[in-house]
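Secondary and tertiary structure notes
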Amino acid sequence: MTKLVPPSERTCERCGRHDVWDDETDSWQIVVDGEQKEAGNPFCLHEWDINGNYSPLAE
Ligand SMILES: [Zn+2]
């Protein structure tokens, strides 16, 4: 059976921001690596690479 799995993780190809999906808050949470948030560049127009094959925009 094929099941559509929503993305649970995304990484920006431009600035390196790294988010994971939080089911409890229904929102993206910035990954914290050690004591540093992988927030990337706040001015970046993020280019998300979501698990390599998820594209929210049809081209
Ligand atoms: Zn970015």
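Below, the structure is looked at part by part. These figures come from a predicted structure and were not determined experimentally.

This brings us to the pattern of salt bridges. Counted by the stated rule, this structure contains three salt bridges. Of the charged contacts, one joins Arg-10 and Asp-19 as a salt bridge, the two residues approaching to 3.0 Å between their closest N and O atoms. Residue Arg-17 is joined to Asp-19 by a salt bridge in which the shortest nitrogen-to-oxygen separation is 3.0 Å. This pair shows no difference in class: Arg-17 is buried, exactly as Asp-19 is.

The next thing to look at is the side chain of Arg-10. For Arg-10, the location among the structural elements is in strand β1 (residues 9–12). For Arg-10, a relative accessible area of 13% translates into the label buried. Excluding anything up to four places from it in sequence, Arg-10 contacts Arg-17, His-18, Asp-19, Trp-28, Trp-48, Asp-49 and Ile-50.

A few words on the coordination of the zinc ion. Distances from the zinc ion to its protein donors, Cys-12 (SG), Cys-15 (SG), Cys-44 (SG) and His-46 (ND1), fall at 2.1 to 2.4 Å. Each of the four donor atoms bound to the zinc ion contributes to angles spanning 106 to 114°, and the resulting shape is tetrahedral. Assessed through its relative accessible area of 24%, His-46 is described here as partly exposed.

About the cut-offs
- Residues numbered from 1 in each chain as written.
- Predicted model: local features only at pLDDT ≥ 70, side-chain atom pairs only at ≥ 80, totals over all residues.
- Heavy atoms only, no water.
- Salt bridge = Lys/Arg side-chain N within 4 Å of Asp/Glu carboxyl O.
- Buried < 20%, exposed > 50% of the residue type's maximum accessible area, 1.4 Å probe, protein only.
- Helix = DSSP H or I, 4+ residues; strand = E, 2+ residues; numbered from the N terminus.
- Contact = heavy atoms within 4.5 Å.
- Donors = N, O, S within 2.8 Å, 3.2 Å for Na, K, Ca; no water.
- Tetrahedral: all angles 85-135°; square planar, octahedral: opposite > 155°, others 65-115°.

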